Amino acid sequence: MPEKKMLIVDSDVVSKIDDNRGDMSRSEFINLLIDTQLKGGGSDSAAGASREEFLQFQEDTRELLRNFLEFFISYGLELGKQPKDREFEQLSRKLQSLGK
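Residues numbered from 1 in each chain as written. Predicted model: local features only at pLDDT ≥ 70, side-chain atom pairs only at ≥ 80, totals over all residues. Heavy atoms only, no water.

*Asks:* Hey, could you run me through a nonpolar patch on the surface in this one?
*Replies:* Together, Leu65, Phe68, Phe71, Phe72 and Tyr75 make up a nonpolar patch on the protein surface, roughly 530 Å² of accessible area in all. Tyrosine 75 sits in the partly exposed class, given a relative accessible area of 44%. (Patch = residues over 30% accessible without salt bridge, like charges linked within 9 Å, V, L, I, M, F, W, Y side chains within 5 Å. Areas by Shrake-Rupley, 256 points an atom, 1.4 Å probe, with all protein chains shown as cover. Salt bridge = Lys/Arg side-chain N within 4 Å of Asp/Glu carboxyl O. Buried < 20%, exposed > 50% of the residue type's maximum accessible area, 1.4 Å probe, protein only.)

*Asks:* Mind showing me how you'd approach the environment of lysine 94 here?
*Replies:* Inspection of the secondary structure puts lysine 94 in helix H4 (residues 85-98). Sequence separation of lysine 94 and leucine 65 is 29 residues, and the distance between their C-alpha atoms is 10.0 Å. (Helix = DSSP H or I, 4+ residues; strand = E, 2+ residues; numbered from the N terminus.)

*Asks:* Can you help me understand the pattern of salt bridges in this one?
*Replies:* Between side chains of opposite charge, a pair can form as their charged atoms come close. For the structure on display, the rule yields five salt bridges. Its salt-bridge partner being arginine 26, residue aspartate 18 comes within 2.8 Å of it at the nearest N-O pair. Residue arginine 26 is classed as partly exposed on the basis of its relative accessible area, which comes to 44%. In the salt-bridge network here, residues are joined through shared partners; they are Asp18, Arg21 and Arg26.

*Asks:* What am I meant to see in the packing of helix H1 (residues 11-20) against helix H2 (residues 26-38) here?
*Replies:* To characterise two packed helices, one gives the angle between the axes of the helices and the distance between these axes. Contact geometry for H1 and H2: axes closest at 10 Å, N-to-C directions at 90°. In terms of orientation, H1 and H2 fall into the roughly perpendicular class. Touching Val14, Ile17, Asp18 and Asn20 of H1 are Arg26, Phe29 and Ile30, all from H2. Tallied by class, residues from the contact of H1 with H2 come to four nonpolar, one polar and two charged. (Axes fitted to C-alpha atoms, helices over the stretch in contact; angles between N-to-C directions. Parallel < 35°, antiparallel > 145°, perpendicular 65-115°, else oblique. Contact = heavy atoms within 4.5 Å. Nonpolar A, V, L, I, M, F, W, Y, C, P; charged D, E, K, R; others polar.)

*Asks:* Can you walk me through H2 in this structure?
*Replies:* Within an α-helix, residues lying three or four positions from one another point in the same direction, as the helix has 3.6 residues per turn. Taking 1.5 Å per residue, 13 residues should reach 18 Å; H2 reaches 18 Å between its end C-alpha atoms and fits that length. Phi for glycine 40, located one or two positions after H2, is positive at around 90°. (Expected span 1.5 Å × (residues − 1).)

*Asks:* Honestly, the side chain of arginine 66 in this entry has me stumped. Any pointers?
*Replies:* Of note, arginine 66 is situated in helix H3 (residues 51-78). According to the relative accessible area criterion, arginine 66 is buried, its value standing at 12%. At 2.6 Å, the side chain of arginine 66 forms a polar contact with the side chain of glutamate 63. (Polar contact = N/O pair within 3.5 Å; in protein donor to acceptor, adjacent residues only side chain to side chain.)

Geometry only, nothing functional implied.
Now the structure itself:
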């Protein structure tokens, strides 16, 4: 049987533990939290993307869409299909707006 020791914590900490531990005992829950934190599971990098990463993703997505539109416009022109003026103008406007 493992040796047991007493840990004195504030009552609000005990309330947080009790609110979040579910069917686990307090000891099991604290062990889980400590193990997760020590293994790096509680790091900020898992929280989500930074603003810079999101902006880079957004710019890369625009570039991909721009390349996609350019490809299909040029592909249609290579096949000799003359685009309808209105459709071609709409695609050109979309392509120009993505370039901004």
